[in-house]
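So you can see what is in the structure, the chains are spelled out below.
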Amino acid sequence: MGELTGYQLGVIGALFLSVASSVSIVIVNKALMSNLGFPFATTLTSWHLMVTYCTLHVAHRLNFFENKNIDMKTVILFGILNGVSIGFLNLSLGFNSIGFYQMTKLAIIPFTVLLETLFLKKQFSQKIKLSLFLLLVGVGIASVTDLQLNFVGTVLSLLAIMTTCVGQILTNTIQKRLNVTSTQLLYQSAPFQAAILFVTGPMVDQYLTKQYVFAFKYSPLVLGFIILSCVIAVSVNFSTFLVIGKTSPVTYQVLGHLKTCLVLGFGYTLLHDPFTQRNIIGILVAILGMGLYSYFCTHENKKKQMLDLSPASQIKDKDSNTPLLGHQDKENHFEVKKATKDSLV
């Protein structure tokens, strides 16, 4: 029971850190881009990842965590995939209306559910699906306004959805199958994510903004906000891997929509953004969906744990495992050896 409570506290801490850091960085970046006129989102993300890697490298040197070698092909492809997904999301925002971009983000949850059902054989109950549907409807009402379609924007949105879903599923799968922590995975993949965005970011930003990032006039105030954004990004990146590893890609996306609702609320309270009755209704429906999702997940997890701890289950496991113990150890050794040798990507 003590271990279970400790795990639950760890999950709650990860969720809180993710929400707090993400909402903070949205507010800082909004001030940086809207008020100070710094529009280079993709390049800024590459700086975030470089600062994250440097911070983790210092932490590793100070023995705050132990590094674990992961298959290099897996790490490189995983890092590039995550970097490319960020680029596609920014291009999708550039080629589409705000409303269609919000629809793109909403589509990530059902697409993730579909991929996990088809390829990972994961089952989602009707109650979970209903709560996710309510969440998506609520966020859609609150945030989606205009829907303007164009061919290039639609293609970029589809690519953004696919790469984001696959990247987040792999974030969870790699941590569990290779038994690595979120810190270890982020430490090894961050340089490749940063590299792909550092090379492509200035070109993407120049195409979208018609400005060159290194020709921008950096005032002390702009530099201060950039540094603050990079510092907060360390927590954002760390908590992203932590939440996905401890929960699931779908739960992380649900958390992301909670952040959207909080950002809308903070925007109205702190920045005096326009706020309508439609926003309020949408946020309330979304919160209802999130509450039901959390309740159903907790209920199903408790039910699963009770089944796993039931005497009948333990006796059955004992009867089935005892005669094959030697053979099972041999198979496990083979699987571990194969997992360390083969690539997951």
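Residues numbered from 1 in each chain as written. Predicted model: local features only at pLDDT ≥ 70, side-chain atom pairs only at ≥ 80, totals over all residues. Heavy atoms only, no water.

Trainee: Any details on the overall build of the chain? Residues and values, ideally.
Mentor: If you tally the helices and strands in the chain, you get 13 helices and zero strands. Secondary structure of the chain in N-to-C order comes out as α-α-α-α-α-α-α-α-α-α-α-α-α. Counting the 345 residues in the chain, one finds 41% classified as buried. Of the roughly 19200 Å² that the chain leaves accessible, carbon and sulfur atoms contribute 68%. (Helix = DSSP H or I, 4+ residues; strand = E, 2+ residues; numbered from the N terminus. Buried < 20%, exposed > 50% of the residue type's maximum accessible area, 1.4 Å probe, protein only. Areas by Shrake-Rupley, 256 points an atom, 1.4 Å probe, with all protein chains shown as cover.)

Trainee: Please set out the environment of isoleucine 80 residue by residue, giving values where relevant.
Mentor: In this structure, isoleucine 80 sits in helix 3 (residues 72-95). Of the residues examined, isoleucine 80 reaches a relative accessible area of 32% and is grouped as partly exposed. Spatially, the C-alpha atoms of isoleucine 80 and leucine 197 are 8.8 Å apart, while their sequence positions differ by 117 residues.

Trainee: Go over the packing of helix 3 against helix 7 (residues 151-177), please, and point to the residues and values.
Mentor: Close contact between helix 3 and helix 7 brings their axes to 8 Å; oriented N to C, the two are set at 145 degrees. Helix 7 is crossed by helix 3, and the crossing has left-handed handedness. Among the residues forming the contact of helix 3 with helix 7, the class breakdown is 13 nonpolar, 10 polar and no charged. (Axes fitted to C-alpha atoms, helices over the stretch in contact; angles between N-to-C directions. Left-handed = near helix turned anticlockwise from the far one by under 90°. Nonpolar A, V, L, I, M, F, W, Y, C, P; charged D, E, K, R; others polar.)

Trainee: How would you sum up the layout of surface pockets? Please name residues and give values.
Mentor: Taken as a whole, the second largest pocket spans an internal volume of roughly 1500 Å³. Looking at the second largest pocket, it is lined by 36 residues, and the ones nearest its centre are Thr247, Ser248, Thr251, Cys297 and Asn301. Those elements that provide at least two residues to the lining of the second largest pocket are helix 1 (2-35), helix 7, helix 10 (249-270) and helix 11 (277-309). In terms of residue count, helix 11 provides more of the lining of the second largest pocket than any other element does, 11 residues in total. When the residues that make up the lining of the second largest pocket are grouped by side-chain class, the tally is 16 nonpolar, 12 polar and eight charged. (1 Å grid on protein atoms, 1.4 Å probe; cavity = no way out; pocket = protein on both sides within 12 Å on 5 of 7 lines; lining within 4 Å. Points joined across faces, edges and corners; volume = space filled by probe spheres on them.)

Trainee: So what's going on with the packing of helix 8 (residues 182-209) against helix 9 (residues 220-246)? Residues and values would help.
Mentor: To describe two helices that pack against each other, one gives the angle between their axes and the distance between the axes. Close contact between helix 8 and helix 9 brings their axes to 10 Å; oriented N to C, the two are set at 125 degrees. When the axis of helix 8 is compared with that of helix 9, the two are oblique. In the packing of helix 8 onto helix 9, the handedness of the crossing is right-handed. Contacts between helix 8 and helix 9 pair Ser182, Thr183, Leu185, Leu186, Ser189 and Gln193 from the former with Asn237, Phe238, Phe241 and Leu242 from the latter. (Parallel < 35°, antiparallel > 145°, perpendicular 65-115°, else oblique. Contact = heavy atoms within 4.5 Å.)

Trainee: Account for the side chain of asparagine 29, naming residues and giving values.
Mentor: Along the chain, the position of asparagine 29 falls in helix 1. When neighbours within four sequence positions are excluded, asparagine 29 is seen to be in contact with Ser34, Leu44, His48 and Ser229.

Trainee: Describe the packing of aromatic side chains, naming the residues involved and giving the relevant values.
Mentor: What the rule picks out here adds up to 12 aromatic pairs. For the pair phenylalanine 38 and tryptophan 47, a centre-to-centre distance of 6.2 Å together with 40 degrees between the ring planes defines the contact as tilted. The two residues phenylalanine 38 and tryptophan 47 agree in class, both being buried. Among the aromatic side chains, those forming a connected cluster through ring pairs are Phe38, Phe40, Trp47, Phe216 and Tyr218. Residue placement shows lysine 210 over the ring face of tyrosine 207; its charged tip is 5.1 Å from the ring centre. (Phe/Tyr/Trp six-rings, centres within 6.5 Å; stacked < 30°, edge-to-face > 60°. Lys NZ or Arg CZ within 6 Å of the ring centre and 35° of its normal.)

Trainee: Talk me through the nonpolar core; I want residue IDs and the actual numbers.
Mentor: Looking at soluble globular proteins, one finds that nonpolar side chains tend to be buried together. Core analysis: the biggest nonpolar cluster contains 19 residues, and Leu132, Leu135, Val250 and Val254 have the highest contact counts within it. Where this core is concerned, the elements lending two or more residues are helix 5 (108-119), helix 6 (126-143), helix 10 and helix 11. Looking at this core element by element, the count peaks at six residues for helix 6. Valine 254 has contacts with Ile109, Leu132, Leu135, Met290 and Tyr293, leaving out every residue within four places of it along the chain. Membership of the second largest hydrophobic core comes to 16 residues, among which are Leu56, Val180, Leu186 and Ala190. (Core = buried A, V, L, I, M, F, W, Y, C linked by side-chain atoms within 4.5 Å.)

Trainee: Explain helix 7 residue by residue, including any values.
Mentor: Between its terminal C-alpha atoms helix 7 stretches 38 Å, which fits the 39 Å expected from 27 residues at 1.5 Å a residue. The residue sitting at the N-terminus of helix 7 and contributing the capping side-chain oxygen is asparagine 150; that oxygen lies 3.4 Å from the backbone nitrogen of valine 152. (Expected span 1.5 Å × (residues − 1). Polar contact = N/O pair within 3.5 Å; in protein donor to acceptor, adjacent residues only side chain to side chain.)

Trainee: Break down helix 10 for me, with residues and values.
Mentor: An α-helical segment advances 3.6 residues per turn. Residues three or four places apart therefore align on the same side. Along its 22 residues, helix 10 runs 31 Å from first to last C-alpha, staying within 8% of the 32 Å computed at 1.5 Å per residue. When helix 10 is considered as a whole, its buried residues turn out to be Pro249, Val250, Thr251, Tyr252, Gln253, Val254, Leu255, His257, Lys259, Thr260, Cys261 and Gly267.

Trainee: Residues and numbers for the confidence of the model for the chain, please.
Mentor: Across the chain, the average pLDDT comes to 86, with 87% of residues at 70 or higher. Mean pLDDT values over the elements of the chain span from 40, in helix 13 (residues 325-341), up to 96, in helix 2 (residues 41-61). Below pLDDT 50 for its whole length, residues 316-345 participates in 17 contacts with residues either more than four positions away or in separate chains. (pLDDT = per-residue confidence, 0-100.)

Trainee: Can you tell me about unusual backbone geometry, naming the residues and giving the values?
Mentor: Unlike most non-glycine residues, lysine 121 shows phi in positive territory, near 55 degrees. Among the secondary structure elements, lysine 121 is positioned in the loop between helix 5 and helix 6. The exposure class assigned to lysine 121 is exposed, which follows from its relative accessible area of 65%. At asparagine 179, a position not held by glycine, the phi torsion is positive, near 55 degrees. Along the chain, asparagine 179 turns up in the loop between helix 7 and helix 8.

Trainee: Would you mind going over the side chain of threonine 183 in detail, with residue names and values included?
Mentor: Along the chain, the position of threonine 183 falls in helix 8. Taking the relative accessible area as the measure of exposure, threonine 183 reaches 13% and is therefore buried. Ignoring any residue separated from it by four or fewer positions in sequence, one finds threonine 183 in contact with Leu56, Phe65 and Phe238.

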